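Chain by chain, the residues run as shown.
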Amino acid sequence: MKLTKQQERVYRYILANRGCTTKDIMLNTGIQCPSGRISELRDQGVKITSIGQRRYRGSKAFECYAIDEPLTKRVSQVYIVNGRAVERLKNVEV
């Protein structure tokens, strides 16, 4: 799965800051419409969950988001053992 730059920034921010709101994402990443990127990520199969709401003084309540299962991809690593190439497949976080 290939993420756009904005989707990747939103994904990494939510992964690093569990319980962040769209307002937090807007202020810290500079992305103007994080809710659109969140819905695009959900459409691509990223499991973003809503874990509650946070209310700011004088404004409406914002949803708090978290990612429970980070995306992984399968990579291969090649080692030389006794003059032979050995390939190992390994799952790593995106």
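Each remark here, short or long, concerns the structure printed above.
Residues numbered from 1 in each chain as written. Predicted model: local features only at pLDDT ≥ 70, side-chain atom pairs only at ≥ 80, totals over all residues. Heavy atoms only, no water.

**Student:** Quick question: what am I supposed to make of the environment of Gly36 here?
**Tutor:** Tracing the backbone shows Gly36 in helix α3 (residues 34-43). Under the relative-accessibility criterion, Gly36 is labelled buried at 16%. In this structure, the C-alpha to C-alpha distance between Gly36 and Val46, residues 10 residues apart in sequence, is 14 Å. (Helix = DSSP H or I, 4+ residues; strand = E, 2+ residues; numbered from the N terminus. Buried < 20%, exposed > 50% of the residue type's maximum accessible area, 1.4 Å probe, protein only.)

**Student:** What is the right way to look at the environment of Arg88 in this model?
**Tutor:** Take Arg88: it is sitting in strand β5 (residues 84-93). Assessed through its relative accessible area of 53%, Arg88 is described here as exposed. Through-space distance from the C-alpha of Arg88 to that of Ile67 is 28 Å; in sequence the pair is 21 residues apart.

**Student:** In this structure, what is going on with a nonpolar patch on the surface? I would like to understand it.
**Tutor:** On the surface, Tyr79, Val81 and Val86 cluster together into a nonpolar patch covering about 220 Å² of accessible area. Mapped onto the secondary structure, Val81 falls in strand β4 (residues 72-81). (Patch = residues over 30% accessible without salt bridge, like charges linked within 9 Å, V, L, I, M, F, W, Y side chains within 5 Å. Areas by Shrake-Rupley, 256 points an atom, 1.4 Å probe, with all protein chains shown as cover. Salt bridge = Lys/Arg side-chain N within 4 Å of Asp/Glu carboxyl O.)

**Student:** Honestly, the nonpolar core in this entry has me stumped. Any pointers?
**Tutor:** If you look at soluble globular proteins, the nonpolar side chains tend to sit buried side by side. Within the largest apolar cluster, 15 residues are counted, with the highest numbers of intra-cluster contacts made by Val10, Ile14, Ile25, Ile38, Leu41, Val46 and Ile48. Looking at this core, the elements that each hand over two or more residues are α1 (5-16), α3 and β3 (61-67). With four residues, the top contributor of residues to this core is α1. When near neighbours in sequence (up to four residues on either side) are disregarded, Val10 contacts Ile25, Ile31, Arg37, Ile38 and Leu41. (Core = buried A, V, L, I, M, F, W, Y, C linked by side-chain atoms within 4.5 Å. Contact = heavy atoms within 4.5 Å.)

**Student:** Could you clarify how one ought to interpret the pairing of β4 in this entry?
**Tutor:** For a regular strand, side-chain orientation follows a simple rule: the groups alternate between the two sheet faces. Two strands pair when backbone bridges link them, and β4 and β5 are joined in this way by 10 bridges, in the antiparallel orientation. Note that in β5 the partner of Thr72 across the bridge is Glu93. Here β4 hands over to β5 after two residues, with Asn82 in that stretch at a positive phi of 55°. (Pairing = 2+ DSSP bridges.)

Just distances and angles here, no functional claims.
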